[in-house]
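Here is what each chain is made of, one letter per residue.
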Amino acid sequence: MEREFITKAICLNSVDYKEKDKQLTLFSLENGLMSAVLKGCKTAKAKLKFAFSPFCFAEYSIVQKGNFYTITNAGLIDSFFDLTNNYDNYILGSIMLDITHSTVKFNEQNLPMFVGLLNHLKAICYENINAKMVCIKFVLLALENLGYKPTFKSCHRCGMPFNQDKYLDMSCGEFVCQNCKNISCEKLTNAGFSGVKILNDTPLDRLSSVKLSNQILDEILTILLENFECRVEHKLP
């Protein structure tokens with residue numbers, strides 16, 4: 001049975017499919033992850049070349065035949081083109097796309113992640129907010145969506161308030177104190193711990209008021225990405 005429908009979706013990635021086609025991984029508002037073929041888009045005069053670009057947010061017209069999806073048209077909503085003008089921002093945005101791909105599921109709606117991805121991409125492109133801060137906020141959102149939201153008030157193991165060094169336990173994704181650390185734990189400096197707590201507690205639209213050094217942001221981002229990789233058992237690019 002054939003079904004036609006229109007869905008708002010973000011293109012997470014695409015790969016070559018046959019000679020002139022592309023197979024897209026879309027994150028759809030209504031349907032979660034979807035894999036769909038865009039035919040003839042690799043030709044010089046193809047009108048829908050934009051539709052397979054990473055970050056493309058569009059209304060995709062799709063025909064479904066069984067488990068096979070074909071894109072017949074697309075109306076661009078936002079290309080987030082400005083991300084391509086800054087290499088570092090592009091890399092961080094690409095990490096956010098890969099995190100999304102590793103977090104959401106096929107054929108399962110996930111409104112918090114869909115809205116979150118759009119808002120975080122907009123924050124980088126249009127609101128001039130530090131892209132590393134935005135990426136950190138997105139990693140925290142993804143961890144929360146997976147059920148691994150970290151706590152900051154006390155040690156996960158003994159329950160005592162933090163007063164010395166802090167460690168992130170990669171076996172469970174929680175912060176522990178110096179007395180409870182083990183071989184799976186990685187130390188976070190006091191400045192790094194304070195920084196990630198501040199970013200966790202600060203709304204996205206107020207991140208521009210936060211002042212953290214690039215060194216601290218790099219420390220936070222590195223340890224959170226490693227934590228995410230442990231949670232999903234997937235190596236980010």
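Residues numbered from 1 in each chain as written. Predicted model: local features only at pLDDT ≥ 70, side-chain atom pairs only at ≥ 80, totals over all residues. Heavy atoms only, no water.

Caption draft 1: Looking closely at the packing of helix α2 (residues 111–126) against helix α3 (residues 131–145). Remark: α2 packs on α3, axes separated minimally by 9 Å, with the N-to-C direction vectors making an angle of 175 degrees. The angle between α2 and α3 places the two elements in the roughly antiparallel class. For the pair α2 and α3, the contacting residues are Pro 112, Met 113, Gly 116, Leu 117, His 120, Ala 123 and Ile 124 in the first and Ala 131, Val 134, Lys 137, Phe 138, Leu 141, Ala 142 and Asn 145 in the second. When grouped by side-chain class, the residues that make up the contact of α2 with α3 number 10 nonpolar, 3 polar and 1 charged. (Axes fitted to C-alpha atoms, helices over the stretch in contact; angles between N-to-C directions. Helix = DSSP H or I, 4+ residues; strand = E, 2+ residues; numbered from the N terminus. Parallel < 35°, antiparallel > 145°, perpendicular 65-115°, else oblique. Contact = heavy atoms within 4.5 Å. Nonpolar A, V, L, I, M, F, W, Y, C, P; charged D, E, K, R; others polar.)

Caption draft 2: Representation of helix α4 (residues 190–201) in the model. Here α4 contains 12 residues, and its C-alpha end-to-end distance of 17 Å stays within 8% of the 16 Å for a straight helix at 1.5 Å per residue. Three or more residues of α4 are buried, namely Gly 192, Phe 193, Gly 195, Val 196 and Leu 199. Looking straight down α4, one finds that the buried residues subtend no more than 160 degrees of arc, so they occupy a single side. (Expected span 1.5 Å × (residues − 1). Buried < 20%, exposed > 50% of the residue type's maximum accessible area, 1.4 Å probe, protein only. Arc of directions from axis to C-beta.)

Caption draft 3: Layout of the sheet that holds strand β3 (residues 32–38). Judged by pairing direction, the barrel is mixed, and its 5 strands sit side by side in the order β1-β2-β3-β5-β4 before closing back on the first. Taken pair by pair, the neighbouring strands of this sheet meet at an average axis angle of 50 degrees, ignoring direction. As defined by bridge partners, β3 adjoins strand β5 (residues 68–78) across 2 bridges and the pair is classed as parallel. Pairing of Val 37 across the sheet is with Thr 70, part of β5. Running at roughly 55 degrees to strand β1 (residues 2–17), α2 makes contact with β1, β2 (21–28), β4 (57–65) and β5 of the sheet. (Pairing = 2+ DSSP bridges.)

Caption draft 4: Looking closely at helix α1 (residues 87–103). Here α1 is 17 residues long and its end C-alpha atoms lie 24 Å apart, about the 24 Å a rise of 1.5 Å per residue gives. Those residues of α1 not exposed but buried are Asn 89, Leu 92, Gly 93, Ile 95, Met 96, Leu 97, Asp 98, Ile 99, Thr 100 and Thr 103. Each element contacted by the buried residues of α1 is listed here: β1, β2, α2, α3 and α5 (214–232). Between a side-chain oxygen at the N-terminus of α1 and the backbone nitrogen of Asp 88 the separation is 3.1 Å; the capping residue is Asn 86. (Polar contact = N/O pair within 3.5 Å; in protein donor to acceptor, adjacent residues only side chain to side chain.)

Caption draft 5: Inspection of the sheet that holds strand β8 (residues 185–188) at higher detail. Across the sheet, 3 strands lie side by side as β7-β6-β8; this open sheet has antiparallel pairing. Only two strands of the sheet have a single neighbouring strand rather than two, namely β7 (174–177) and β8. Each adjacent strand pair in this sheet contributes to an overall mean axis angle of 40 degrees, direction not counted. Where strand β6 (residues 166–169) and β8 come together, 4 bridges link them in antiparallel fashion. Considered in β8, the bridge of Leu 168 is made with Glu 186.

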